[in-house]
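Chain and residue survey
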Amino acid sequence: MDWMLKDLAEGVPQTRQVVVLSADGLRMAQYGADTDSADRLAAACAGLQSLAGAVASELPYSEGRMRLVVIEMDGGFFYLMAAGQGAFLAVLADEGVDAGLMGQRMRDLVLRIGEHLSTPPRQDVAAR
């Protein structure tokens, strides 16, 4: 999967970091950052996707699932996209990034590898 994350990062100029994470915030794959940075981003994304799902549940015809979150900050953008059952794709990019191209490339990547990104819910070993 690393080469596909690299392809996304190099195919969209101004991309800094790409992380694939599970719904509970565990890093599954990364490109463009050290492991500690990727782990921090993955942990933060778990809370953000949960918050986005709670907001989505307030919409009358929503199933309460988050599809895409985009945050514009001083210095850049953050993208978080659902990428399969229990998995997410997160990207940090500089201010000059082409937002349309980023969205398109993220969707293409999710379609290509989405089924491989699915993570089943964790089960309590003691409960079994």
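Residues numbered from 1 in each chain as written. Predicted model: local features only at pLDDT ≥ 70, side-chain atom pairs only at ≥ 80, totals over all residues. Heavy atoms only, no water.

As annotated in an unreviewed UniProt entry, the protein chain carries the name Roadblock/LC7 domain-containing protein and is attributed to Streptomyces luteolus.

Attention shifts here to the overall build of the protein chain. Looking only at helices and strands, the protein chain has three helices and five strands in total. Going from the N terminus to the C terminus, the protein chain shows its helices and strands as α-β-β-α-β-β-β-α. Within the protein chain, residue pairs in contact and separated by at least 24 positions form 48% of the contacts whose partners lie at least 6 positions apart. Of the roughly 7600 Å² that the protein chain leaves accessible, carbon and sulfur atoms contribute 51%. (Helix = DSSP H or I, 4+ residues; strand = E, 2+ residues; numbered from the N terminus. Contact = heavy atoms within 4.5 Å. Areas by Shrake-Rupley, 256 points an atom, 1.4 Å probe, with all protein chains shown as cover.)

Another aspect to go through is helix α1 (residues 2-11). Taken as a whole, α1 has its buried residues at Met4, Leu5, Leu8 and Ala9. With its buried residues spanning 140° around the axis, α1 presents them on a single face. Pointing more than 90 degrees away from the buried face of α1 are the exposed residues Trp3 and Glu10. (Buried < 20%, exposed > 50% of the residue type's maximum accessible area, 1.4 Å probe, protein only. Arc of directions from axis to C-beta.)

By size, the foremost hydrophobic cluster in this structure holds 21 residues, and its most contacted members are Leu8, Tyr79, Leu89, Met102 and Met106. Those elements giving two or more residues to this core turn out to be α1, β1 (15-22), β4 (76-82), β5 (87-94) and α3 (99-117). Here this core takes five residues from α3, the largest share from any one element. Non-local contacts of leucine 8, meaning those with residues more than four positions away in its chain, are made with Thr15, Val18, Leu89, Val91, Met102, Arg105, Met106 and Leu109. Core analysis: the next-biggest nonpolar cluster, separate from the first, contains 13 residues, Leu41, Cys45, Ala52 and Phe78 among them. (Core = buried A, V, L, I, M, F, W, Y, C linked by side-chain atoms within 4.5 Å.)

Pairing between β1 and strand β2 (residues 27-31): four bridges, direction antiparallel. Counterpart to leucine 21 in the pairing with β2 is arginine 27. Linking two consecutive strands that pair antiparallel, namely β1 and β2, is a turn of four residues; a positive phi of about 90° is found at glycine 25 within it. (Pairing = 2+ DSSP bridges.)

Moving on: the pattern of salt bridges. Following the criterion strictly, the structure yields four salt bridges and no others. The partner of aspartate 7 in a salt bridge is arginine 112, and the shortest N-O contact between them spans 3.9 Å. With aspartate 7 in helix α1 and arginine 112 in helix α3, this pair connects stretches of sequence that are 105 residues apart. Since its relative accessible area comes to 37%, aspartate 7 is described here as partly exposed. As a salt-bridge pair, glutamate 63 and arginine 65 come within 2.6 Å of each other at their nearest N and O atoms. Given a relative accessible area of 63%, glutamate 63 falls into the exposed group. For arginine 65, a relative accessible area of 60% puts it in the exposed group. (Salt bridge = Lys/Arg side-chain N within 4 Å of Asp/Glu carboxyl O.)

In this structure, alanine 23 sits in the loop between β1 and β2. Sequence spacing of alanine 23 and cysteine 45 is 22 residues, and the spatial spacing of their C-alpha atoms is 8.3 Å. In contact with alanine 23, other than residues within four places in its own chain, are Ala46, Gln49, Gly86 and Phe88.

Let us look at the sheet that holds β1. Strands sit in the order β2-β1-β5-β4-β3 across an open sheet of five strands; the sheet is antiparallel. Each edge of the sheet is formed by a strand with only one pairing partner; in this case those strands are β2 and β3 (68-73). Geometrically, the sheet is characterised by an average inter-axis angle of 15° between neighbouring strands, direction not taken into account. Running at roughly 65° to β1, helix α2 (residues 35-56) makes contact with β1, β2, β3, β4 and β5 of the sheet. (Axes fitted to C-alpha atoms, helices over the stretch in contact; angles between N-to-C directions.)

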